[in-house]
Amino acid sequence: MGPLKAVVIGAGNRGNNYSDFALDEPDRLKVVAVAEPRTRFREKFAKKFSLAPNQVFKDWTEIAALDKMADIAIITTPDQLHVAPCLAFAKGGYHILLEKPMAVSYEDCKAIFSTCESCDVILAVCHVLRYTPQARKIKELIDSGVIGEVMNIQLLEPIGAKHFAHSYVRGNWRDRDTSAFSLLTKSCHDIDLISSFMSGSKCIQVSSFGSLQHFKPANKPTGAASRCLDCSVSSKCPYSAQMYLDLVQAGHTGWPVKVLHAEPDIENITEALRVGPYGQCVYEGLNDVCDNQVVNMQFDNGASVSFTMVAGTEKVCQRQVRVFGSKGELSCDFDSNHVRMFDFLSEERTKTSLLEEMTCAQSSRLSGHGGADFFTMESFVNAVENKDQSLVLTGPKESLLSHYLCFMAEKSRTENKIIQLTDAPY
């Protein structure tokens, strides 16, 4: 029958990453069209996948208006632009790979859920953390009962200081009006992971605290300019936009500099820093999303969970997980290749190696998120090939629940009260 065919809606960083599966596995997936409003990104994507002019579009509505041309739609538009293309392509019979978050309101998430269900199309939301070898092994060990009943989980997301400055102070996810709150845009991954680990129980109440503590005008250094290239104290600032030029000078043209320009060089990155948001001072006040937040969750079996996300870290998005049970405990740092377990009865410490699974993913072009991008695409393509939604770990039901928990946690933070989850979609 040949490979599955895909249309790609949004040719930015994530659209390129997921589409790379077609280069790794050309017998299983072929990109047949792209929609991207930015000329340079559109042209670069078309060249990468050898697309003819009649396969290249500025707007996704042009593809949606045509007869169905592919099996799947990979939707990686900006967060606030997920809903319309997702609904249109689902109604057109396309199976959907949707970048997280599903949408920036719970009502829109429910619309995506119900439309994909009624149209009988497979939906995979890119909560890629579930697909990491670390998360899958932790889930396997929890479900096996080796640590007894889960009593508490602690999950830390160290976002990374410069990563936060790039994406959540200067970048696309810096303010709620054009994107959404940071717990949703950055850490719905993590809330989804907690939901997976606790799948045998229901979350019954949630509380959350957090703020924009550091990246605001009150903390702007004396003498700092509005733009880093004009700033006399830039060399003393860890968040100086000079970092983009340093990366290009060192020969690095991938993320994050490729976000500034499709084909980065010193000249065009310098120009981007002079006129665009990535060259502005991080204390200029362009951003309004939390740079630190905690979420506390109570489950119906008595277990509790605490999640922390924080900007000011050395590690970049390498989660740290601790699971405490009645018979033992698990621990895992996601930048390691093993899960550690301590058994309370024998007092033995063991390590479960993940090296084989991680090596498989890291040999792929989709090595992002510790190989999770590869496993996400592998799962989705496998599900479509076999017409089996259950092969997707983050389908409509799972994703709707994790998004609901994010919205309720943010409600707790903004209203400063504990939220009772009386209408959770379990």
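Scoring rules and cut-offs
Residues numbered from 1 in each chain as written. Predicted model: local features only at pLDDT ≥ 70, side-chain atom pairs only at ≥ 80, totals over all residues. Heavy atoms only, no water. Helix = DSSP H or I, 4+ residues; strand = E, 2+ residues; numbered from the N terminus. Buried < 20%, exposed > 50% of the residue type's maximum accessible area, 1.4 Å probe, protein only. Contact = heavy atoms within 4.5 Å. Domains from an automatic or database assignment. Buried area = accessible area lost by both parts, 1.4 Å probe. Pairing = 2+ DSSP bridges. Right-handed = clockwise from strand over helix to strand, strands pointing away. 1 Å grid on protein atoms, 1.4 Å probe; cavity = no way out; pocket = protein on both sides within 12 Å on 5 of 7 lines; lining within 4 Å. Points joined across faces, edges and corners; volume = space filled by probe spheres on them. Nonpolar A, V, L, I, M, F, W, Y, C, P; charged D, E, K, R; others polar. UniProt positions renumbered as here; feature names shortened; annotations may be inferred. Salt bridge = Lys/Arg side-chain N within 4 Å of Asp/Glu carboxyl O. Core = buried A, V, L, I, M, F, W, Y, C linked by side-chain atoms within 4.5 Å. Polar contact = N/O pair within 3.5 Å; in protein donor to acceptor, adjacent residues only side chain to side chain. Axes fitted to C-alpha atoms, helices over the stretch in contact; angles between N-to-C directions. Parallel < 35°, antiparallel > 145°, perpendicular 65-115°, else oblique.

**Structural notes on the environment of Leu-286**
Structurally, the position occupied by Leu-286 is in the loop between helix 12 (266-275) and strand 9 (292-299). On the accessibility criterion, Leu-286 (32% relative accessible area) is partly exposed. Considering only alpha carbons, one finds Leu-286 and Lys-216, 70 residues apart in sequence, at a separation of 8.4 Å. Non-local contacts of Leu-286, meaning those with residues more than four positions away in its chain, are made with Val-169, Arg-174, Asp-175 and Gln-280.

**Quick word on the domain arrangement of the protein**
Where the parts come together, the accessible area they lose is often given as the size of the interface. When the domains of the protein are assigned, the result is domain 1 (4-121), domain 2 (129-215 + 287-420) and domain 3 (217-275). Each of domain 1 and domain 3 has a C-alpha centre, and the two are 31 Å apart. Listed per partner, the contact involves five residues of domain 1 and six residues of domain 3. Buried surface at the junction of domain 1 and domain 3, both sides included, amounts to about 520 Å², of which 56% is carbon and sulfur.

**Regarding the pairing of strand 2 (residues 29-35)**
Counting buried residues along strand 2, six of its seven residues qualify, which places the element largely inside the surrounding structure. Where strand 1 (residues 4-9) and strand 2 come together, six bridges link them in parallel fashion. Counterpart to Ile-9 in the pairing with strand 2 is Ala-35. By the bridge criterion, two bridges tie strand 2 to strand 3 (residues 56-57) in an arrangement that is parallel. The residue bridging Ala-35 from the neighbouring strand is Phe-57, located in strand 3. A crossover connection joins strand 2 to the parallel strand 3 through helix 3 (residues 39-48); in handedness this β-α-β unit is right-handed.

**So, the sheet that holds strand 4 (residues 72-75)**
Sheet architecture is open: six strands sit in the order 3-2-1-4-5-6, paired in parallel fashion. Each having just a single partner strand, strand 3 and strand 6 (123-125) make up the two edges of the open sheet. When strand 1 meets strand 4, the two strands line up parallel, connected through four bridges. Directly across from Ala-6, in strand 4, lies its bridge partner Ile-72.

**What to know about the layout of surface pockets**
By volume, the second largest pocket amounts to about 370 Å³. Forming the walls of the second largest pocket are 20 residues, and the residues nearest its centre are Arg-130, Ser-195, Ser-196, Ser-199 and Glu-398. Elements supplying a minimum of two residues to the lining of the second largest pocket: helix 7 (133-144), helix 9 (182-197) and helix 15 (396-415). Broken down by element, the residue count for the lining of the second largest pocket peaks at four residues, all from helix 15. Taken together, the residues of the lining of the second largest pocket break down into ten nonpolar, four polar and six charged.

**Describing the UniProt feature "domain: Gfo/Idh/MocA-like oxidoreductase N-terminal" (unreviewed entry) in the protein**
Residues given the UniProt feature "domain: Gfo/Idh/MocA-like oxidoreductase N-terminal" (unreviewed entry) here are residues 5-126. Note that residues 5-126 is 39% helix and 20% strand, and that its end C-alpha atoms are spaced 19 Å apart.

**Quick look at the pattern of salt bridges**
The final tally for this structure, using the stated rule, is 21 salt bridges. Across the pair Asp-333 and Arg-322 runs a salt bridge, and its minimum N-O distance is 3.3 Å. Of this pair, Asp-333 sits in strand 12 (residues 328-333) while Arg-322 sits in strand 11 (residues 320-325), and the two are eleven residues apart along the sequence. By relative accessible area, which is 23% here, Arg-322 ends up partly exposed.

**A short note on the nonpolar core**
Formed by 89 residues in total, the largest nonpolar core has its most connected members in Val-7, Ile-96, Ile-112 and Ile-138. In terms of residues, this core owes the most to one element, helix 15, which gives eight residues. Structurally, this core is a two-domain feature, drawing no fewer than three residues from each of domain 1 (4-121) and domain 2 (129-215 + 287-420). Not counting the four nearest positions on each side in its chain, Val-7 is found in contact with Val-32, Ala-33, Ile-63, Met-69, Ala-70, Ile-72, Ala-73, Ile-74, Phe-89 and Tyr-94.

**Here we look at empty space enclosed by the protein**
Vacant regions in the atomic arrangement are exposed by a probe of water-molecule size rolled over the atoms. Within this structure, the stated rule accounts for one cavity of 30 Å³ or more. Roughly 100 Å³ of volume is contained in the largest cavity. Around the largest cavity sit 14 residues that line it, and Cys-228, Cys-231, Ser-234, Cys-237 and Cys-281 are the ones nearest its centre. Of the residues in the lining of the largest cavity, the class split is eleven nonpolar, two polar and one charged.

**Concerning the environment of Ser-304**
Mapped onto the secondary structure, Ser-304 falls in strand 10 (residues 304-310). When the C-alpha positions of Ser-304 and Phe-89 are compared, they lie 39 Å apart, and in sequence the two are 215 residues distant. The residues touching Ser-304, leaving out its near neighbours within four places in the chain, are Met-151, Asn-152, Ile-153 and Met-297. A polar atom in the side chain of Ser-304 sits 3.0 Å from the side chain of Asn-152.

**Re the packing of helix 6 (residues 106-118) against helix 15**
Contact geometry for helix 6 and helix 15: axes closest at 10 Å, N-to-C directions at 175°. Judged by the inter-axis angle, helix 6 sits roughly antiparallel to helix 15. When helix 6 is examined against helix 15, the residues Tyr-106, Cys-109, Lys-110, Phe-113 and Glu-117 are found in contact with a partner set consisting of Pro-396, Lys-397, Leu-400, His-403, Tyr-404 and Phe-407. Counted by class, the contact of helix 6 with helix 15 contains seven nonpolar, one polar and three charged residues.

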